Amino acid sequence: MASEPNMIPQSGLLSAEANQAAALAAFGGVLTVDLDAIIANWRKLEKTAVPAECSAVIKADAYGCGTAQVAQALNKAGCKTFFVATIGEARTARAALPDATIYVLGGYFQNTGEHYAKINCRPVIGDLNELAEWDVFCRRTGWSGGAAIHIDTGMNRLGLTLAEAQAIIPRINAGDHGITLVMSHLVSAEHLNSSVNARQLAAFRGIASEFSGVPAALANSSGIFLGAPFQFDMVRPGAALYGVNPTPEADNPMQPVVDLKARIVQIRNIERGETVGYGGTWSARRPTRLAIIAVGYADGYFRAASSNDGTRGAEVIVAGKRCPVAGRISMDLIAIDITDLPPNAARRGHMVTLLGEGITVDELAHHFGTIGYEVLTSLGRRYARVYKGGEVVGPLTKPEPAEPTGQPPSPPAVEQPAAPPPLPT
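Keep in mind that this is a model prediction, so the values were computed, not measured.

**Student:** I keep staring at the overall build of the protein and nothing clicks. Help me out?
**Tutor:** For the protein, the helix and strand inventory stands at 13 helices and 21 strands. Counting only residues that meet the buried cut, the protein has 52% of its 425 residues in that class. At a minimum sequence separation of 6, the contacts of the protein that also span at least 24 residues come to 67%. Total accessible area on the protein is roughly 19,100 Å²; 51% of this is exposed by carbon and sulfur atoms.

Structural data, given as structure tokens:
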């Protein structure tokens, strides 16, 4: 396990283990990210998609797991292409990945070309106005860093329409266009028998084939498991890398990545009939022993997982046994019913498991009334963070966004090239 205790003075009189324990004691919860599991998941997806290139989506702080640590681990494992959502995320990724290809899914806005050029990343263009503005920037500066074209095949979110994509084919096939990828996004890839998948595949295959010599990408995490026709030249897994089940109609083929533990701050006993938490919605049906843990909805453990007298909520692992949440989840605290444990099995200062030891991201998502994506990206910033595996050293606290270590190359100063054929109006 690679970690560095932060914010706690290191005593030369203590062992490394004791120093780390002292550092962790300052936090109510510990979030452990298994980088080796992320690498194993990426390799499984890569093998499933052969011969397509397997990229990695690391947007939203690598789904809450840490952009720099995840990116470096995957890059060392062989991943060459990464996708983020914003320019800010791209800066953090570039600081960790000096040589990788980085695409920005959020698109291109006028006067942002310099930002892309300075960190040598590529916009994913999904609108004719964006394409025209990008063209102007490239002609004016001579920049040739590349860009992707996003085509909408049914999501109705971002992307050129099929008609718009068809209209720019002459421009693309004229050469010297700088387009390095054409892509689309699946609507219902997690449902194997969805008719939408076949319609999107047919639409994308038809239009992508007209982009002469440009690689194509359609499959997200779930799309990879739809089979070879969906994989094209590149696949773009995201959530599956972090342990979310990409095949919810079958067993999860991915390894769990995140382990979340919280500290018991108090053990208390209540009598039969007493209530617990805001609103008094949960009543003790017997003399009850409670463990109060130092995590709540401010830490990304959703209030929706609360329990009441008519509904059982989420469970946590205490001393190796599942124990139910008692009452409403507060901003900073959760009460756990530990009555069925042996008297000394749980004590103040002990850690309980909220995620891990058989409690999966998808199980939590069920209790939260959402999806695994939101669970991971909602994990709070008050946890100590520990990274294990991957040969990457991570801090115990939230990593700050990294700044590029040097001044990246500016767009080359060259004579303005001849204008390409005009874009369609």
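**Student:** Just checking my understanding: could you explain unusual backbone geometry for this structure?
**Tutor:** Negative phi characterises most residues that are not glycine, and trans characterises most peptide bonds. In this model, V50 is joined to P51 through a cis peptide bond whose omega is 10 degrees. Mapping P51 onto the fold places it in the loop between α2 (35–49) and β3 (53–54). Phi at N111 takes a positive value of approximately 70 degrees, unusual for a residue other than glycine. Within the secondary structure layout, N111 lies in the loop between β6 (101–104) and α6 (113–119). Owing to a relative accessible area of 67%, N111 belongs among the exposed residues under this scheme.

**Student:** Please clarify how the environment of P343 should be interpreted in this entry.
**Tutor:** Mapped onto the elements of the fold, P343 is located in the loop between β18 (334–337) and β19 (351–355). A residue is classified by how much of its surface remains accessible, and P343, at 65% relative accessible area, is exposed. As a C-alpha pair, P343 and R289 span 54 residues in sequence and 9.2 Å in three-dimensional space.

**Student:** What exactly am I supposed to notice about α2 here?
**Tutor:** Since the α-helix advances by 3.6 residues per turn, residues separated by three or four positions end up pointing in the same direction. For α2, which comprises 15 residues, the first-to-last C-alpha distance of 21 Å matches the rise-based estimate of 21 Å (1.5 Å per residue) to within 8%. Listed as buried for α2 are L35, A37, I38, I39, N41, W42, L45 and A49. One side-chain oxygen at the N-terminal end of α2 lies 3.1 Å from the backbone nitrogen of D36; it belongs to D34.

**Student:** What is the right way to look at the confidence of the model for the protein in this model?
**Tutor:** A low pLDDT score tells you not to read the predicted coordinates there in detail. Averaged over the protein, the pLDDT score is 89; the fraction of residues at 70 or greater is 87%. When the criterion is pLDDT under 50, residues 1–11 qualifies, and its contacts beyond four places in sequence or with other chains add up to 33 contacts.

**Student:** Sorry, what's going on with the pairing of strand β12 (residues 258–270) here?
**Tutor:** The side chains of a regular strand alternate, residue by residue, between the two faces of the sheet. Note that strand β2 (residues 29–34) and β12 share 5 bridges and pair antiparallel. Note on β12: the bridge partner recorded for V33 is V258. Pairing analysis gives 4 bridges linking β12 to β19, with the strands arranged antiparallel. Of the residues in β19, the one forming a bridge with K261 is T353. Bridge count between β12 and strand β15 (residues 288–293): 6 bridges; the pairing is antiparallel. By the bridge assignment, R268 is partnered in β15 with L290.

**Student:** Help me understand the pattern of salt bridges, please; the structure alone is not making it clear to me.
**Tutor:** Any two side chains of opposite charge can pair, given that their charged atoms come close. All chains considered together, the criterion is met by 12 salt bridges. In this structure, R286 and D340 form a salt bridge, with 3.0 Å as the shortest nitrogen-oxygen distance. With a gap of 54 residues between them, R286 in the loop between β14 (282–283) and β15 and D340 in the loop between β18 and β19 connect regions that are remote in the sequence. Overall, the relative accessible area of 33% leaves R286 in the partly exposed class. Between R382 and D299 there is a salt bridge, with the nearest N and O atoms lying 2.9 Å from each other.

**Student:** Which parts of the structure should I look at to understand the pairing of β15?
**Tutor:** Most of β15 sits inside the fold, with 6 of its 6 residues counted as buried. Where burial is concerned, the two faces of β15 agree: the one with T288, L290 and I292 and the one with R289, A291 and I293 are both buried. Summarising the sheet, β15 and β18 pair through 4 bridges and their orientation is antiparallel. Across the sheet, the residue bridging to I292 is A335, located in β18.

**Student:** What is the right way to look at the side chain of S55 in this model?
**Tutor:** For S55, the position within the fold is in the loop between β3 and β4 (56–57). Of the polar contacts made by the side chain of S55, one reaches the backbone oxygen of V235; its length is 2.7 Å. Look past the residues within four positions of S55 in its chain and what remains in contact with it is W42, C79, T81, F83, M234, V235, R236 and P237.

**Student:** Even after reading the chapter, I still don't get the packing of α2 against helix α4 (residues 67–77), so can you show me in this structure?
**Tutor:** In a packed pair of helices, the relevant descriptors are the angle between the two axes and the axis-to-axis distance. Contact geometry for α2 and α4: axes closest at 10 Å, N-to-C directions at 50 degrees. Looking at the two axes, α2 sits oblique to α4. Considering how the two elements wind past one another, α2 and α4 form a crossing that is right-handed. Counting all contacts with α2, which are made through L35, I38, I39, W42 and R43, the residues of α4 involved are Q69, V70, A73, L74 and A77. A per-class count over the contact of α2 with α4 returns 8 nonpolar, 1 polar and 1 charged.

Criteria and cut-off values
Positions within a chain are numbered from 1, following the residues in the order the chain's sequence is written. pLDDT decides what is reported in this predicted model: residues at 70 or higher carry local features, side-chain atom pairs at 80 or more are listed and counted, and totals for whole chains, interfaces and linings draw on all residues regardless. Note that water and hydrogens are dropped before the side-chain values are worked out from all heavy atoms of the structure. Secondary structure elements are defined from DSSP: runs of H or I of at least 4 residues count as helices, runs of E of at least 2 residues count as strands, and each element is numbered from the N terminus. Here's how the labels work: a residue is buried when its accessible area is under 20% of the maximum for its type, exposed when over 50%, partly exposed in between, all with a 1.4 Å probe on protein chains only. Any two residues whose heavy atoms approach within 4.5 Å at even a single point are treated as in contact. Throughout, the Shrake-Rupley method with a 1.4 Å probe supplies accessible areas, and for residues the shown protein chains are the sole cover considered. Working rule for helices: expected span equals 1.5 Å times residues minus one. For this analysis, a polar contact is any N or O atom pair within 3.5 Å, provided that within protein one partner can donate a hydrogen and the other can accept it, and provided that sequence-adjacent residues contribute only side-chain to side-chain pairs. The pLDDT value tells you how sure the predictor is about a given residue, anywhere from 0 up to 100. DSSP bridges decide pairing: two strands pair if at least two such bridges lie between them. Should a side-chain nitrogen of Lys or Arg be within 4 Å of a carboxyl oxygen of Asp or Glu, the pair is scored as a salt bridge. Think of each axis as a best-fit line through the C-alpha atoms, taken over the contacting stretch in the case of a helix, with angles from 0 to 180 degrees between the N-to-C directions. The cut-offs work like this: below 35 degrees is roughly parallel, past 145 is roughly antiparallel, 65 to 115 is roughly perpendicular, and the gaps in between are oblique. Take the far helix as your reference; a near helix turned counterclockwise from it by less than a right angle gives a left-handed crossing, and one turned clockwise gives a right-handed crossing. Only Asp, Glu, Lys and Arg are considered charged, only Ala, Val, Leu, Ile, Met, Phe, Trp, Tyr, Cys and Pro nonpolar, and every remaining residue, Gly among them, polar.

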